[in-house]
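What follows is each chain in one-letter form.
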Amino acid sequence: MDQVGNLLDRPRRYYNIDGLGELGGGVVCLDFALFLWLLMHFPADSLWHQISFFLFVGLALLIRYGTKAVKTRITYPRTGFVEYRRQWHTSAIAAALGALGAAGLAVGFRRHWDMPMLPSLTGLAFAAAYGYHFARAVRWKWVIVGAIAVASLVIAFLPADVLRALGSDSPVAHPEGAKLGGIILLSCLVYGSMLLISGGISFWLYIRHTQVPAQEGQ
Amino acid sequence: MNQQIRTIADLDRVIHEPGRLMIVALLFAVDGADFLYLQHETGMNKGTLSSHLSRLEEAGYVAVTKTYRGKVPQTLLRLTGAGRKAFEQYRRNLKEAL
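Predicted model only: the values in this text are computed from it and were never measured.

Draft legend 1. Region of interest: the overall build of chain B. Along its length, chain B carries six helices and three strands. With the C-alpha coordinates aligned to their principal axes, the bounding extent of chain B is approximately 55 × 25 × 20 Å. Nonlocal contacts in chain B, meaning residues at least 24 apart in sequence, comprise 54% of its contacts between residues at least 6 apart. Of the accessible surface of chain B, which amounts to about 5100 Å², a share of 52% is contributed by carbon and sulfur atoms.

So this is what it looks like as structure tokens:
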């Protein structure tokens, strides 16, 4: 029965066989970091501040359609096409968790909770999620899990001045707000970079080990 | 015959064959997939995979659609409603038997 369970799990793992899932996730993280940076470092009446949201959404759409285009041209001709089932409950759970996280952040900020705990907890949760989704199938990716966990701890213990400097000129005048902004910005940069590295390696390995079969029809 | 042996005897023989079980399990998890994907995941050659797919199509478990991706012929495969039900029943029976 375990083997049947493994077979049922294979199509989900196939989505990232080429590393594009990680590359897309990495670019989204960096896109969000850019969005935050524009918000924090440009005055509210500047053009960059005003277009930051549209820039974020535009880049996110570009990633979505770019991934689709790369899969159509590279992945499907090499290892085949899969049409996934639309699972609305997965999106609903993700949205609920996101809303819960945002609410927790807002409450924590209002009550002046200890912010260094935030990157450690989110980082460890992110490392666990990465391990579950990507590293289970590919052993070398446990190195990335370790790197994400260590990076989260490093961010948590960075001096408050450094974090405040990253979030300086923030529209949130409160120093804790600037610190929180700095933490989120740095975390997005670190996680995005790691996803890009691991996705890039996966993509390179995929291209190296697969080839388009002779086209004699199927 | 006791209950457990009867359950084993009731296993769907079309699905129970290892090659076809792989195909049905892979298709069960998705909406559809092409021939190349099944070949890649199962490691079967074209002839063997085709013969298993024909058997599953005869049983009404798999729907085959011939189409083109650009100029390249593509064979899309989906599990039918009957195929999904049969696989769920097969898993239940197998659990009971074990």
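Here the narrative resumes, following the displayed structure.
Draft legend 2. Examining the state of the cysteines more closely. Counted under the stated rule, the structure contains zero disulfides over all chains. With no disulfide of its own, Cys 29 of chain A has Cys 188 of chain A as its nearest cysteine by sulfur position, at a separation of 5.6 Å.

Draft legend 3. Seen up close, the interface of chain B and chain A. Listed by partner, the interface residues are 31 residues for chain B and 23 residues for chain A. Of the roughly 2500 Å² buried between chain B and chain A on both sides combined, carbon and sulfur atoms contribute 63%. Together, Leu 36, Tyr 37 and Arg 69 of chain B form the three largest contributors to the area buried by chain B at its contact with chain A, with a combined 20%. Counting the contacts that link chain B with chain A gives two salt bridges. In this structure, the salt-bridge partner of Glu 83 of chain A is Arg 78 of chain B, at a minimum N-O distance of 3.1 Å. On inspection of chain B and its partner chain A, the count reaches five residue pairs in polar contact (both at pLDDT 80 or more). Residue contributions to the side of chain B that touches chain A peak at six residues, all from strand S3 (residues 72-79) of chain B. Partitioned by chemical class, the residues of the side of chain B that touches chain A number 17 nonpolar, four polar and ten charged. Here two bridges tie strand S1 (residues 82-83) of chain A to strand S1 (residues 32-34) of chain B, and the two strands are oriented antiparallel to one another.

Draft legend 4. Just the nonpolar core, in detail. Ranked by size, the top nonpolar core spans 32 residues in total, and within it Ile 23, Leu 27, Leu 38, Leu 53 and Phe 87 of chain B carry the most contacts. Sorting the residues of this core by element identifies helix H1 (2-14) of chain A together with helix H2 (13-16), helix H3 (18-28), helix H4 (35-42), helix H5 (46-58), S3 and helix H6 (81-97) of chain B as the ones contributing at least two each. Per-element tally for this core: the top contributor is H3 of chain B, with seven residues. Apart from residues no more than four positions distant in its own chain, Phe 87 of chain B is found in contact with Val 4 and Leu 8 of chain A together with Ile 15, Leu 21, Val 24, Ala 25 and Phe 28 of chain B. Within the second largest apolar cluster, twelve residues are counted, among which are Ala 127, Ala 151, Tyr 191 and Leu 195 of chain A.

Draft legend 5. Structural view of the sheet that holds S3 of chain B. Pairing within the open sheet is antiparallel, and its four strands lie in the order S1(A)-S1(B)-S3(B)-S2(B). Two strands bound the open sheet, and with one partner strand each, they are S1 of chain A together with strand S2 (62-69) of chain B. The pairing of S2 of chain B with S3 of chain B spans eight bridges and is antiparallel. Within the sheet, the bridge partner assigned to Thr 67 of chain B lies in S3 of chain B and is Gln 74 of chain B. On top of the sheet, H4 of chain B reaches S1 of chain A together with S1 and S3 of chain B; it is set at about 85° to S1 of chain B, its chief contact.

About the cut-offs
All residue numbers here refer to positions counted from 1 along the written sequence of the relevant chain. Here the convention is simple: chains get letters from A, ligands get numbers from 1, in the order in which they are written. Where totals are concerned, whole chains, interfaces and linings use all residues; where local detail is concerned, this predicted model gives features only for residues with pLDDT of at least 70, and gives and counts side-chain atom pairs only at 80 or more. To obtain the side-chain values, all non-hydrogen atoms of the structure were included, while hydrogens and water were left out. Under the DSSP-based scheme used, a helix requires at least four consecutive residues in state H or I and a strand at least two consecutive residues in state E, with every element numbered from the N terminus. Any two residues whose heavy atoms approach within 4.5 Å are treated as being in contact. Here, Shrake-Rupley sampling with a 1.4 Å probe gives the accessible areas, and only protein chains in the shown set may cover a residue. Pairs of cysteine sulfur atoms within 2.5 Å are what we label disulfides. Simply put, the buried area is the total loss of 1.4 Å probe accessible area from both parts when two parts are fitted together. Any carboxyl oxygen of Asp or Glu within 4 Å of a side-chain nitrogen of Lys or Arg constitutes a salt bridge here. Whenever two N or O atoms come within 3.5 Å, that pair is a polar contact, provided that in protein one can donate a hydrogen and the other can accept it, and provided that, for residues adjacent in sequence, both atoms are side-chain atoms. We call Asp, Glu, Lys and Arg charged. Ala, Val, Leu, Ile, Met, Phe, Trp, Tyr, Cys and Pro are nonpolar, and the rest, Gly among them, are polar. When DSSP locates at least two bridges between a pair of strands, those strands are taken to pair. Think of a nonpolar core as a cluster: buried Ala, Val, Leu, Ile, Met, Phe, Trp, Tyr and Cys residues, connected wherever their side-chain atoms sit within 4.5 Å. Residue exposure (1.4 Å probe, protein chains only): buried if accessible area is under 20% of the type maximum, exposed if over 50%, otherwise partly exposed. The axes are straight lines fitted to the C-alpha atoms, using for helices just the contacting stretch, and the angles between their N-to-C directions are given from 0 to 180°.

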